Structures are given as structure tokens and as C-alpha cells.
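Residue-level listing of the chains:
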2 protein chains.
Amino acid sequence: MTSTHDIVVDQVQESRVGTTNFDNLIFGKTFTDHMLECTWRDGKWETAHIKPYGPIMVEPSSKVFHYGQAIFEGMKAFKDAQGNVHLFRPEDNWIRFNESAKRLAMPTVPEEIFMDGLKKLVDLDREWVRQGDGVSLYLRPFMIASENGVAAAPSTEYKFMIVMSPARAYYRGDVRVIIASQFSRAADGGVGYAKAAGNYAASFYPNNLALEEGYQQIIWTDAATHEYLEEAGTMNIFVRIGDKLLTSPHNDRILNGVTRRSVIQLAKDHNIDVEERRVSVKEMNEAAANGELKEIFGTGTAAVIVPVLGYKHEDFVHDLPAVDDSYATLFKQKLSDIHYNRVNDEHEWLVKI
Amino acid sequence: MTSTHDIVVDQVQESRVGTTNFDNLIFGKTFTDHMLECTWRDGKWETAHIKPYGPIMVEPSSKVFHYGQAIFEGMKAFKDAQGNVHLFRPEDNWIRFNESAKRLAMPTVPEEIFMDGLKKLVDLDREWVRQGDGVSLYLRPFMIASENGVAAAPSTEYKFMIVMSPARAYYRGDVRVIIASQFSRAADGGVGYAKAAGNYAASFYPNNLALEEGYQQIIWTDAATHEYLEEAGTMNIFVRIGDKLLTSPHNDRILNGVTRRSVIQLAKDHNIDVEERRVSVKEMNEAAANGELKEIFGTGTAAVIVPVLGYKHEDFVHDLPAVDDSYATLFKQKLSDIHYNRVNDEHEWLVKI
């Protein structure tokens, strides 16, 4: 057991990396040798521990099970051709994590625990980051309420943890979406902008109904009118009308995605006209009808860029055309080039471990 | 270890009931000797186990920590003067639990696990149900997603559990409320009507801001306009204008409370004019200004009936008057008489254990 920067490290006796089949990974099911755990108690963060990945003991009365104080981030580490390991814009995730924490009445996590802990952990398990296009180590920092007791009030204890899961390049399959006109993901003045666990649970049932209809995801609209596009739950959404790229501004219902922000910057770099403004379903349907709707795609850490092949809005069903100069393809390639350090990182998005 | 009706019972060696100080209980902190645990896996519920209360082993990747599939019910058992133990309208909770389950894409729990398990568990720990006005055993059935894995999709495994906590009569302290005009609890088409863990987490931060202003709770309004009263997060809300009792209809944003429903029935029994309809903040403020606003009170299992002493809406601050013929007092007494089996249970709300 060694201590670095106040992070106590308890290494595994023997790594599992050699016995892991990296060609046959199911997303989010395999975890690396180590995890980070840090407890907030009596108003302060205790010493962070990096220890062997494994189960934790939790009381059935633990508040996370009852009142849902739980937030997370999704991040990735990539290995370049020279064998160097990089994180992509990790500070953005740390900042957003703390915005989520504030909204859920949870303590913020200081940089020396979140960032230093993450770097230390990735460094320790760097053999788990493999080379190859689309290959990454998926990083999952999260925080849960860990006080025991079923009184409905904010927890007085929390656990911040990081677990890591190797991910291979994967093909998500064709994605067609339903534009929501009945169910909602988030309310004005609610927690839609936070990466709060409860937001995801709320989306599963409507998404199951979409799956039954043959659609893989839902593009959520504003709860009040269902007239404006918001996000897809695990992805922000971009719409290309003519050569103009549109995406909803982030607000208290819409996640301020790191990939979304990167795509906006890349669009500007490539002199693509990009507007952050409300996009109405009517505008999109009209563009679809008159042939101006060229692309819809989602952006997010897990899947990076996901082209939408078609959509349904009430009785209107539309298939997207094939386009030669796909923005989705362009951004996917450009992001991939940055992730794997194949081009000059002009925006300084990579952080070397 | 004995088996009854497919519920396997593993009793404690020695009960903790004799060493528990029932005069000094903090709500939701002390648990009885036993708990119930039942796992849903491969599409079906396995055998339910009643076992000693204690921690469970959970992987950090357990889906409840990441995607918030977690629902619960709050119920109570009461002991009457003859020493009989009763539940209050337990079927209503079971039905609502399954409505919550459906909305959160979780499996429903059959009667022989939820109801029979609950009865068996209360029976086993009946010494924990104490006599005395306001005294009860608080029952907490809940369900969590227990599959290991961080892919954002409904869990393939779940745990249904029941834990029980002895509760003494408690004085909640004065309750003054803020009428929400910025933050929201639930969206149209969302999960507000479900007892979903995430709904509570979302309310804590706004509630903390209210506490800083000297108000104990928030009465939520509709997210779209903030013009209509909804509920208080842990309580439904009743407003008395003149001699008329008003409460919001339950809908997809508002919990269909068992105490709420009981109060509506008791109002009818006492020829009190009660209307389930939208109540606007404007109507309440006008009634406050002209002296017609007699009472506001909350209803819920934990606190039963909670009179609201005053409220703030934007710049309008109002203290409720003292009334001689308080409905809140009446309903609290009537419910208490039923809970402790002191009157004829004409609606057959009690279920004897």
C-alpha cells in the first residue's frame, strides 16, 4: 500500500488484464483491476482510496436506494499509435459533475480527488487501454448518497467512486427515432441538465414503447408544448437543414454535452454555419418534406456520433437521404483523429496521462 | 430456517427489540430484526427471503447507482389498545407500487410477494409495533435495479426489499412553505406520479434554498406556467377556501396519495364540500387577501396531516389564521381513530395481521 498526493493505493496482487478477451467485450460489463472510492462525511472528503475493483457493502436503508441522489459522468481514455494514453477534455466533465452535484444537493468533488484520482487510476490500469480505432477505456466517475436512513432529506454522507470499463469499437445498429409528443424527459426548472441517475430511469419506459414500434431512441421535446427538439437522453441532437447545422441551446432541461461542444467547435473550424437555437419539430418536418433536411445525428461520449436514419413524428414518417458530404462522417473522423492523437490538437483537448 | 407460502424465513438468533429505546427514536434510523429480499432474474421473481436486517453486497456498477431505477412505498402498521396490529389500506400501496414500477420500466411485484411478504414480515416483528397515539411501525417496500453494468438501458435484474423502522409520534415543527415559481418537481409526461427515487433527489436543492429563507417546504406548481398548485414533494396539498376543501386532481405529475384519498372520503363522510380540481395560486392569493383562505394542509403517510402556518409566493407573504373548526385537526383525529381501531372501520381500511 502506497500513498501519492493523499490518494492511498492498494494494488491487486495479480492483474486480470492478461485473461481478458478484448475482442469480445460487452459495453460496460468488464471492469479494470482497480477503482477509486472516497467518502464525504462530517462535511468533508476523507482520504481517497484506489483499491481492487469489487463489491461494496451497503445498507438497504442507504439513501441512494430511496431518494435517488446519484450523479455520474461518462468519459474515455484513448491510446495513440505511440502507446501514449490521453483523456479528452476531462476538466469539462469535472466541472459538469460538480454542476450536477449542486443541483442534486450533493457536495462538489475537488480537483485533487476527481482529476488527480482519475489520472492516477488510469495510469495504474493503463494496460487496459488498448489501441485501435474506436477502442477506448470508458471511465465512469459517479457519486451516491450513502447515509443510512429513510427520512426524506438530503444525505449526510456520500461516496464518490470511479470505475473503468474497456470498450471496443462498436456498431450501434441502425438508429431511427421517435420525436416525443406525449412523454417528457425533463421539466423547466428541473434536473434535465444534470447527469442525474433518475433522468435515465424516467426515459426507459417511453424508450421501450419506441422499441416496440421499431424505433431505437426518442428525441425528447419540451414538456410544455412538445414543439421544440431537446435531446435524445444519452445524446445531444444536431439537425442539418441545407448546409446549416442546428442544435438546441443547452438550458436547464438539456445536457451541456462535451461532444456537442466539440462538434460546434469543429463545425466552426470547417466554416460550417452552425446555430445554437431552438429547433421546432415543424421546421424539421417542413425541411424533410421539401428535401432540405439533410442529416440528423446524435453526439455523446459513449457513441461519439450517431447518424439518425429516419424519424417518426406522430403520423409523419421520414427517412433521411444518403448524403455525399455527411457532416456526421466528417465530425466522427475529426474527433477520432483527435482522440487517437493523429492530428495537431489545436484546441488542447487532450490530456496526457 | 422455515418456509411459509414460498417465503423462506431465516430468523435472528436474538431480537434487538429489548435493547431498543423506543422513546428516543430518530425517524427512519432504527430497523427491526428482519427484512425481506426477493430477486427478479431471467424474467421472473425468485423465492422471497425473510432474513436478519443487514447490509447487502452491491457492485459499484449496479444500475441503480447510475440510471436510477428505484421506487418505493411508505406505509405504516399500528397497534390498537387490545394489542392487535393493523395495516392501513395496504393494497393501495401495492397497486401504486406496481404503477411506479411500470413507469420506471421495472417488473411488477405480485401480491404473494408484496402483500404476503409484508404481512409475514410484520407478523414476525410484531413486537416492534408499539402502542401509543402517533406511534407506528414505518414500512418501506422498495425495488432497485441490481444488474451489474454501465450501459444505459433498463436493468435485467432487480431486488425487491422491505425494511421496517419503528416510529414515534413526532412534531414536525412549524411548517411554512414557498410556492414554487422557478424550480419544478415534475414534467407533463414525466414520472411525477410515481414514487421514483429521482423525484426526491430533484427536490432537495430547491428545498434547501427554501430552508435558507426560513421556509420548511415547497409547494410545487406546474412546470409550464407555475400558476397551479401541485403537491409538496412528500405530501399532497389541500386548501380550504371558506368552507370548501380543494385539492389538485392527481395526474402524471402528482402522486395519487393514499392519505389524500382517505381525507377526501372523510370529508365526504362529514358533509364537507370537497373538490378535486386545479387550484390556481392566484385564486389562493386572492382568498388570502380577502380573508377567505382558512387552511392549507399537507397529507402523507409519514406525517399524516401537516397544517401549513403560512406561505410565500414571490413577494406575497401570508400567515394562515387560527381557525376553531380546523379541518386538519378533524381529519388528523379521524384518521388516528381509524389507525388505532378506536372507531368502526366503515370503509374497511384496516387489514389485521
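Just so it is clear, the model here is predicted, and its values are computed rather than measured. (Residues numbered from 1 in each chain as written. Chains lettered and ligands numbered in written order. Predicted model: local features only at pLDDT ≥ 70, side-chain atom pairs only at ≥ 80, totals over all residues. Heavy atoms only, no water.)

> Quick question: what am I supposed to make of the overall build of chain A here?
Across its full length, chain A holds seven helices and 21 strands. Its C-alpha atoms give chain A a radius of gyration of 21 Å, within 12% of the compact-globule value 20 Å for 353 residues. With respect to the principal axes defined by its C-alpha atoms, chain A has extents near 65 × 55 × 35 Å. Of the roughly 13,900 Å² that chain A leaves accessible, carbon and sulfur atoms contribute 46%. (Helix = DSSP H or I, 4+ residues; strand = E, 2+ residues; numbered from the N terminus. Rg over C-alpha atoms; globule rule 2.2 N^0.38 Å. Areas by Shrake-Rupley, 256 points an atom, 1.4 Å probe, with all protein chains shown as cover.)

> It is not clear to me how the packing of helix α5 (residues 258-269) of chain B against helix α7 (residues 327-339) of chain B should be interpreted in this structure. Could you clarify?
Two numbers describe a pair of packed helices, the interaxial angle and the distance between the axes. Residue and element names in this part refer to chain B. Two elements in contact, α5 and α7, have axes whose closest approach is 11 Å; the angle formed by their N-to-C orientations is 105 degrees. Of the possible angle classes, the one that applies to α5 and α7 is roughly perpendicular. Contacts between α5 and α7 involve T259, S262, V263, L266 and A267 from the former and F331, K334, L335 and I338 from the latter. When grouped by side-chain class, the residues that make up the contact of α5 with α7 number six nonpolar, two polar and one charged. (Axes fitted to C-alpha atoms, helices over the stretch in contact; angles between N-to-C directions. Parallel < 35°, antiparallel > 145°, perpendicular 65-115°, else oblique. Contact = heavy atoms within 4.5 Å. Nonpolar A, V, L, I, M, F, W, Y, C, P; charged D, E, K, R; others polar.)

> Which parts of the structure should I look at to understand the pairing of strand β5 (residues 48-52) of chain B?
All names here are of chain B. Note: strand β2 (residues 7-9) against β5, three bridges, orientation parallel. Pairing of I7 across the sheet is with A48, part of β5. Two strands pair when backbone bridges link them, and strand β3 (residues 34-41) and β5 are joined in this way by four bridges, in the antiparallel orientation. Residue E37 lies in a different strand from β5, and its bridge partner there is H49. (Pairing = 2+ DSSP bridges.)

> It is not clear to me how the sheet that holds strand β17 (residues 293-300) of chain A should be interpreted in this structure. Could you clarify?
Sheet strands line up and pair through hydrogen bonds in the backbone, either parallel or antiparallel. Residue and element names in this part refer to chain A. Ordered in space as β16-β15-β14-β17-β18, the five strands form an open sheet in which the pairing is mixed. Taken across any chain shown, the strands that pair with only one partner, and hence form the sheet edges, are β16 (274-276) and β18 (304-307). Direction aside, the axes of adjacent strands within the sheet are offset by 25 degrees on average. As judged from the six bridges shared by strand β14 (residues 236-241) and β17, these two strands associate in the antiparallel manner. Its bridge partner lying in β17, I237 is registered against G298. The sheet contacts of helix α6 (residues 281-289) involve β14, β15 (244-247) and β17, and relative to β17 the element is tilted by about 135 degrees. Contacts from helix α7 (residues 327-339) reach β14, β15, β17 and β18 within the one sheet, and its direction differs from that of β18 by about 160 degrees.

> I'm lost on the nonpolar core in this one. Help?
Generally speaking, a soluble globular protein has its nonpolar side chains buried in company with each other. Counting residues in each nonpolar core, the largest one holds 144 residues, and the members touching the most others are A:F65 and B:F65. Those residues in contact with A:F65 that lie beyond four places of it in its chain are A:V58, A:E59, A:P60, B:I56, B:V58, B:V64, B:F65, B:A70, B:F142, B:I144 and B:A197. (Core = buried A, V, L, I, M, F, W, Y, C linked by side-chain atoms within 4.5 Å. Buried < 20%, exposed > 50% of the residue type's maximum accessible area, 1.4 Å probe, protein only.)

> Looking at this structure, I do not really get the sheet that holds strand β12 (residues 176-179) of chain A. What am I missing?
Residue and element names in this part refer to chain A. On the basis of which strands lie adjacent, the open sheet formed by four strands has the order β13-β12-β19-β20 and mixed pairing. Two strands in the sheet have a free side with no partner beyond their single neighbour: β13 (217-219) and β20 (316-319). Ignoring which end each strand starts from, the neighbouring axes of this sheet average 25 degrees apart. Note that β12 and strand β19 (residues 310-313) share three bridges and pair parallel. The residue bridging R176 from the neighbouring strand is G310, located in β19. Strand contacts of helix α4 (residues 197-212): β12 and β13, with the helix running at about 115 degrees to β13, the strand carrying the most contacts. Each of β12, β19 and β20 touches α6; the most contacted strand, β19, lies at about 125 degrees to it.

> Help me understand the side chain of B:S155 in this model?
All names here are of chain B. Along the chain, S155 falls in the loop between β10 (136-145) and β11 (158-167). Note on S155: relative accessible area 6%, which makes it buried. A polar contact is formed between the side chain of S155 and the backbone nitrogen of E147, at a distance of 3.1 Å. (Polar contact = N/O pair within 3.5 Å; in protein donor to acceptor, adjacent residues only side chain to side chain.)

> I would appreciate a short explanation of the pattern of salt bridges in the present structure.
Pairing between side chains of opposite charge can happen when their charged atoms approach one another. If you walk through the whole model with that rule in mind, you get 54 salt bridges over all chains. Of the charged contacts, one joins A:E230 and A:R253 as a salt bridge, the two residues approaching to 2.6 Å between their closest N and O atoms. In this pair, A:E230 sits in the loop between β13 and β14 while A:R253 sits in the loop between β15 and α5 (258-269), placing the two residues 23 residues apart along the sequence. We classify A:E230 as buried; its relative accessible area is 5%. According to the relative accessible area criterion, A:R253 is buried, its value standing at 11%. Of the charged contacts in the structure, one is a salt bridge between B:K159 and B:E37, with a shortest N-O distance of 2.9 Å. (Salt bridge = Lys/Arg side-chain N within 4 Å of Asp/Glu carboxyl O.)

> Looking at this structure, I do not really get a negative patch on the surface. What am I missing?
All names here are of chain A. Taken together, the side chains of D6, E91, E111, E112 and D116 present a region of like negative charge at the surface. Checked against the element boundaries, D6 lands in the loop between β1 (2-4) and β2 (7-9). For D6, a relative accessible area of 64% gives the class exposed. (Patch = residues over 30% accessible without salt bridge, like charges linked within 9 Å, V, L, I, M, F, W, Y side chains within 5 Å. Lys, Arg positive; Asp, Glu negative; His and termini not counted. Charge placed at Lys NZ, Arg CZ, Asp CG, Glu CD.)

> Explanation requested: the packing of helix α2 (residues 90-103) of chain B against helix α3 (residues 111-124) of chain B in the structure shown.
Residue and element names in this part refer to chain B. Put simply, α2 and α3 touch, their axes get as near as 11 Å, and they point 145 degrees apart. The hand of the α2/α3 crossing is right-handed. Here α2 contributes P90, E91, N93, W94 and F97 to the contact with α3, which in turn contributes E111, F114 and M115. Residues belonging to the contact of α2 with α3 are distributed by class as follows: five nonpolar, one polar and two charged. (Left-handed = near helix turned anticlockwise from the far one by under 90°.)

> Please explain the interface of chain A and chain B as it appears in this structure.
A common measure of how large an interface is: the accessible area buried when the components associate. Taken together, the contact pairs 61 residues of chain A with 61 residues of chain B. Across the interface of chain A and chain B, roughly 5,000 Å² is buried in total on both sides, 68% from carbon and sulfur atoms. Its largest share of buried area at the contact with chain B, chain A owes to A:P60, A:F65 and A:F204, together 14% of the area lost on that side. Across the chain A-chain B interface, the total number found is two salt bridges. Across the pair A:K29 and B:E147 runs a salt bridge whose closest N-O atoms are separated by 2.9 Å. Between chain A and chain B we count 24 residue pairs in polar contact (both at pLDDT 80 or more) in total. For the side of chain A that touches chain B, the leading source of residues is α4(A), giving nine residues. (Buried area = accessible area lost by both parts, 1.4 Å probe.)

> Help me understand the environment of A:I353, please; the structure alone is not making it clear to me.
Mapped onto the fold, A:I353 is located in the segment after β21 (350-352). The spatial distance from the C-alpha of A:I353 to the C-alpha of A:L121 is 9.9 Å, given a sequence separation of 232 residues.

> Please explain the relation of the copies chain A and chain B as it appears in this structure.
The relation between the two copies of this chain is a rotation about an axis and a shift parallel to it. Structural alignment of chain A on chain B gives an RMSD of 0.0 Å, achieved by rotating through 180 degrees and translating 0.0 Å along the axis. Expressed as a symmetry operation, the mapping of one chain copy onto the other fits a two-fold axis. (Least-squares fit on C-alpha atoms with pLDDT ≥ 70 in both.)

> Would you mind going over the UniProt feature "modified residue: N6-(pyridoxal phosphate)lysine" (unreviewed entry) in chain A with me for this structure?
Residues and elements named next belong to chain A. The sites that UniProt annotates as "modified residue: N6-(pyridoxal phosphate)lysine" (unreviewed entry) are K195. Take K195: it is sitting in the loop between β12 and α4. For K195, a relative accessible area of 10% gives the class buried. Setting aside chain neighbours within four positions, we find K195 in contact with A70, I71, F72, E73, G74, R96, S100, Y200 and L255. (UniProt positions renumbered as here; feature names shortened; annotations may be inferred.)

> I would appreciate a short explanation of the domain arrangement of chain A in the present structure.
Residues and elements named next belong to chain A. Per the domain assignment, the segments making up chain A are domain 1 (2-170) and domain 2 (176-339). The centre of domain 1, based on its C-alpha atoms, is set 28 Å off from the matching centre of domain 2. On the domain 2 side, the residues contacting the 21 residues of domain 1 number 23 residues. Considering only the side of domain 1, the residues that lose the most area to domain 2 are F88, R96 and R103, jointly responsible for 32% of the buried surface there. Where domain 1 touches domain 2, the interface holds one salt bridge. The residue R261 makes a salt bridge to D92 at a minimum N-O spacing of 2.2 Å. Here domain 1 is connected to domain 2 by 12 residue pairs in polar contact (both at pLDDT 80 or more). Looking at the side of domain 1 that touches domain 2, the elements that each hand over two or more residues are β7 (70-72), β8 (75-79) and α2 (90-103). Top element by residues in the side of domain 1 that touches domain 2 is α2. It accounts for six residues. (Domains from an automatic or database assignment.)

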